[in-house]
Amino acid sequence: VNNVNFDIRVGVNVPRNVSLHVLPPDVVAIVPQYRNYRYVYVGDQYLIIDPNDYVIVAVIGGDSRSANRRSGSFTLAADDRVFFQRHVDRGPSLRLGIGGISIGMNLPDSVELRPVPSVIVDRMPDLEGHRYFFYEDEIVIVDPDSRQVVYVIED
């Protein structure tokens, strides 16, 4: 697909008339958490989409570093997620009374966010300036400017 009428960023709903494709087994072998997802190729980017609700869960390809900074979205490899979990201060967990956390949701100003530690930013520069907090058993990474959830690391 070359022209689309939706934003290409994590958390955006894709129209139901977009044709989704099954991910190749080679991709699923590398990223098994994408097993039940589908994809569409737009321009020079692969959009990984949850077929249940047609929400973009990852954007891969293109000039991903600059695109990620623009949109506040990114993906973390399994070893990066483990590294993040090991290098953050596991302070108190929040219960917000809003149901679950989802990528793209805006957080109220009352949620206290912590800066991502420099040891993590050194390894994952795309996280520079981002904040995080704990929600039940999940680490929630937040764009500091928009206060939008951009990534959730499940325990």
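None of the values given here were measured: they were computed from a predicted structure.

Reading the values: rules and limits
- Residues numbered from 1 in each chain as written.
- Predicted model: local features only at pLDDT ≥ 70, side-chain atom pairs only at ≥ 80, totals over all residues.
- Heavy atoms only, no water.
- Salt bridge = Lys/Arg side-chain N within 4 Å of Asp/Glu carboxyl O.
- Helix = DSSP H or I, 4+ residues; strand = E, 2+ residues; numbered from the N terminus.
- Buried < 20%, exposed > 50% of the residue type's maximum accessible area, 1.4 Å probe, protein only.
- Phe/Tyr/Trp six-rings, centres within 6.5 Å; stacked < 30°, edge-to-face > 60°.
- Pairing = 2+ DSSP bridges.
- Core = buried A, V, L, I, M, F, W, Y, C linked by side-chain atoms within 4.5 Å.
- Contact = heavy atoms within 4.5 Å.

Participant: Quick one: what's the story with the pattern of salt bridges, residue by residue and with numbers?
Facilitator: Under the counting rule described, the total for this entry stands at three salt bridges. Arginine 123 serves as the salt-bridge partner of aspartate 80, at 2.8 Å between the closest nitrogen and oxygen. With a gap of 43 residues between them, aspartate 80 in helix H3 (residues 78-86) and arginine 123 in helix H4 (residues 118-123) connect regions that are remote in the sequence. The partly exposed category is assigned to arginine 123, whose relative accessible area is 37%. A salt bridge links arginine 147 to aspartate 109; its shortest N-O distance comes to 3.5 Å. Here arginine 147 is found in the loop between strand E7 (138-142) and strand E8 (149-154), whereas its partner aspartate 109 is found in the loop between H3 and strand E5 (114-115), with 38 residues between them in sequence. Relative accessible area serves as the criterion here: at 18%, arginine 147 is assigned to the buried category. Its relative accessible area of 70% is what places aspartate 109 among the exposed residues. Within this structure, Asp79, Asp80 and Arg123 form a network of salt bridges that share partners.

Participant: How would you explain the packing of aromatic side chains if you had to name every residue and give the values?
Facilitator: Per the counting criterion, the structure on display carries five aromatic pairs. Aromatic side chains tyrosine 41 and tyrosine 46 sit 4.5 Å apart centroid to centroid with 50 degrees between the ring planes, which places their arrangement in the tilted category. Looking at tyrosine 46, the relative accessible area reads 39%, which means it is partly exposed. Aromatic ring contacts, followed pair by pair, group Tyr39, Tyr41 and Tyr46 into a single cluster.

Participant: Run through the sheet that holds E5, naming residues and quoting values.
Facilitator: An order of E5-E6-E7-E8 is seen for the four strands of this open sheet, with the pairing classed as antiparallel. Each edge of the sheet is formed by a strand with only one pairing partner; in this case those strands are E5 and E8. Note that E7 and E8 share five bridges and pair antiparallel. Along E8, the bridge assignment pairs valine 140 with valine 152.

Participant: Go over the nonpolar core with me, naming the residues and quoting the values.
Facilitator: With 16 residues, the main nonpolar core has Phe84, Ile120 and Ile141 as its most contacted residues. For this core, the elements supplying multiple residues, two or more each, are H3, H4, strand E6 (131-135), E7 and E8. Tallying contributions element by element places E8 first for this core, with three residues. Not counting chain neighbours up to four residues away, the residues in contact with isoleucine 120 comprise Phe83, Phe84, His87, Val88 and Leu127. Judged by nonpolar contacts, the second largest core, of 12 residues, contains Val14, Val18, Leu47 and Ile49.

Participant: Could you give an account of unusual backbone geometry, naming the residues involved and the relevant values?
Facilitator: A positive phi is found at tyrosine 54, a non-glycine position, where the angle reads about 60 degrees. When its relative accessible area of 14% is taken as the criterion, tyrosine 54 is described as buried. Even without a glycine there, the phi angle at arginine 147 is positive, about 60 degrees.

Any functional reading would require information that these geometric values do not contain.
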